[in-house]
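Structural overview for review
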Amino acid sequence: LDYRQSGWDKQLPGRATVPPVTSRTSVFVVAGNTLYRLDAATGTVGWKLTLPLNGNETVTDLTLIGRDVWASGPGFAVRVTDRPADQREPVQKGGS
């Protein structure tokens, strides 16, 4: 992940499956089956979360709606609220 405008780049384990999404202060990226929140100014990892994916599921879309990050793919969607870990709601996963 390269954010030349901010002067940082970040190597994450795993391969990014979708383009990152950004807010004013954060960059969200999925690498492998892990969702990362990076500080937009510094690239520092704010938090990371292993997504509850089955072996055959791959994230194909990442969307930010308010403070909720949605990672989805064929037949599933995972919602993660961008809050400190001690204030974060449980991960919610739905499927069809």
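Before reading on, note that the structure itself is shown above.
Computed from a predicted model, the values in this text were never measured in an experiment.

Most of strand 9 (residues 76-81) is tucked away, with five of its six residues classed as buried. Bridge count for strand 8 (residues 68-73) against strand 9 is six bridges, and the pairing is antiparallel. Across the sheet, the residue bridging to Val-69 is Val-80, located in strand 9. Between strand 8 and strand 9, which follow one another and run antiparallel, lie two residues, and Gly-75 among them has a positive phi close to 85°.

Here we come to the environment of Ala-77. Mapped onto the fold, Ala-77 is located in strand 9. Taking the C-alpha atoms as reference points, Ala-77 and Leu-62, separated by 15 residues in sequence, lie 9.6 Å from one another.

Phe-28, Val-30, Leu-35, Leu-51, Val-59, Leu-62 and Val-80 are the most contacted members of the largest nonpolar core, which has 16 residues in total. Of all the elements in the fold, those that place two or more residues in this core are strand 4 (26-31), strand 6 (45-50), strand 8 and strand 9. Considering each element in turn, this core owes the most residues, three residues, to strand 9. With residues near it in sequence (within four places) discarded, Leu-62 still touches Val-18, Pro-19, Val-21, Phe-28, Val-29, Val-30, Leu-35, Val-69, Trp-70 and Ala-71. Formed by eight residues, the second largest nonpolar core is a distinct cluster that contains Val-27, Ala-31, Tyr-36 and Ala-40.

What the four strands build is an open sheet, ordered 3-4-5-6; its pairing is antiparallel. Strands at the two margins of the open sheet, each flanked by one partner only, are strand 3 (21-22) and strand 6. Relative to strand 6, strand 5 (residues 34-39) is paired through five bridges, and the arrangement is antiparallel. Counted as the bridge partner of Leu-38 is Val-45 from strand 6.

Conventions used here
Residues numbered from 1 in each chain as written. Predicted model: local features only at pLDDT ≥ 70, side-chain atom pairs only at ≥ 80, totals over all residues. Heavy atoms only, no water. Buried < 20%, exposed > 50% of the residue type's maximum accessible area, 1.4 Å probe, protein only. Helix = DSSP H or I, 4+ residues; strand = E, 2+ residues; numbered from the N terminus. Pairing = 2+ DSSP bridges. Core = buried A, V, L, I, M, F, W, Y, C linked by side-chain atoms within 4.5 Å. Contact = heavy atoms within 4.5 Å.

Remember that the coordinates give geometry; whether it matters functionally is a separate question.
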